[in-house]
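Each chain is listed here by its residues.
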Amino acid sequence: MFASKRLGKELSKLQSSTPPGITLVKADDFEEWEMDIRVLDSNPIYNGQTFRLKFRFTPSYPIEPPEVVFVKSDTRPIPMHPHIYTNGIICLDLLDRQGWSPVHNVESVCISLQSMLTSNTKNERPPGDEDFSRRNRLRPRDVNFLFHDNTV
């Protein structure tokens, strides 16, 4: 109930306006939404690319964070970043239960990810990406990341 009310307000706001470089793609219900983001500066790693995010919400949203991953399609790659795995899983404290706060919302998550991409200078995947992407069977919300890299 609380999630539906909150998501209804967020959806209404996103349908009327979104920050530059952020687009609402799909929000047919209060369980799963898709957003596109693009980096607005001239970062050569992401120049001209748009990335698709999938948000999944539980009935406990916004007390619990949404599950957020990048999804790949023919026109939307998974961005290269030291905190983004090939399978689209994002290592970001904001998306973890301990780093999340109910003051955050879909828009603030998109802006945070947009900023994370904008400031990136490393065209690489996280250490252990190939093994993690191949072997991981956990949902993104159930992966326990160790947040220790403040350089990217």
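Residues numbered from 1 in each chain as written. Predicted model: local features only at pLDDT ≥ 70, side-chain atom pairs only at ≥ 80, totals over all residues. Heavy atoms only, no water.

- Per an unreviewed UniProt entry, the protein chain goes by the name UBC-like protein and belongs to Patellaria atrata CBS 101060.

**Observations regarding helix α1 (residues 2-16)**
Then step 1. With 15 residues, α1 ought to run about 21 Å at 1.5 Å a step, and its terminal C-alpha atoms sit 22 Å apart, in line with that.
Then step 2. For α1, the full list of buried residues reads A3, R6, L7, E10, L11 and L14. All buried residues of α1 lie within an arc of 135° about the axis, which places them on one face of the element. In this structure, α1 carries K5, K9, Q15 and S16 as exposed residues pointing more than 90 degrees from its buried face. (Helix = DSSP H or I, 4+ residues; strand = E, 2+ residues; numbered from the N terminus. Expected span 1.5 Å × (residues − 1). Buried < 20%, exposed > 50% of the residue type's maximum accessible area, 1.4 Å probe, protein only. Arc of directions from axis to C-beta.)

**Brief notes about the packing of aromatic side chains**
Then step 1. Under the defined criterion, the tally for this structure stands at six aromatic pairs.
Then step 2. Through pairs of rings, three or more aromatic residues link up here, namely W33, F55, F57, Y61 and W100. (Phe/Tyr/Trp six-rings, centres within 6.5 Å; stacked < 30°, edge-to-face > 60°.)

**Observations regarding helix α2 (residues 106-118)**
Then step 1. For α2, built from 13 residues, the straight-helix expectation of 18 Å at 1.5 Å per residue is met to within 8% by its first-to-last C-alpha distance of 18 Å.
Then step 2. Within the span of α2, buried status applies to V106, E107, V109, C110, L113, Q114, M116 and L117.
Then step 3. Looking at the buried residues of α2, the elements they touch are α1, β1 (22-26), β2 (32-37), β3 (51-56) and β4 (67-71). (Contact = heavy atoms within 4.5 Å.)

**What to know about the pairing of β3**
Then step 1. Among the six residues in β3, five count as buried, and that is most of the element.
Then step 2. Bridge count between β2 and β3: six bridges; the pairing is antiparallel. Following the sheet pairing, E34 is matched in β3 by K54. (Pairing = 2+ DSSP bridges.)

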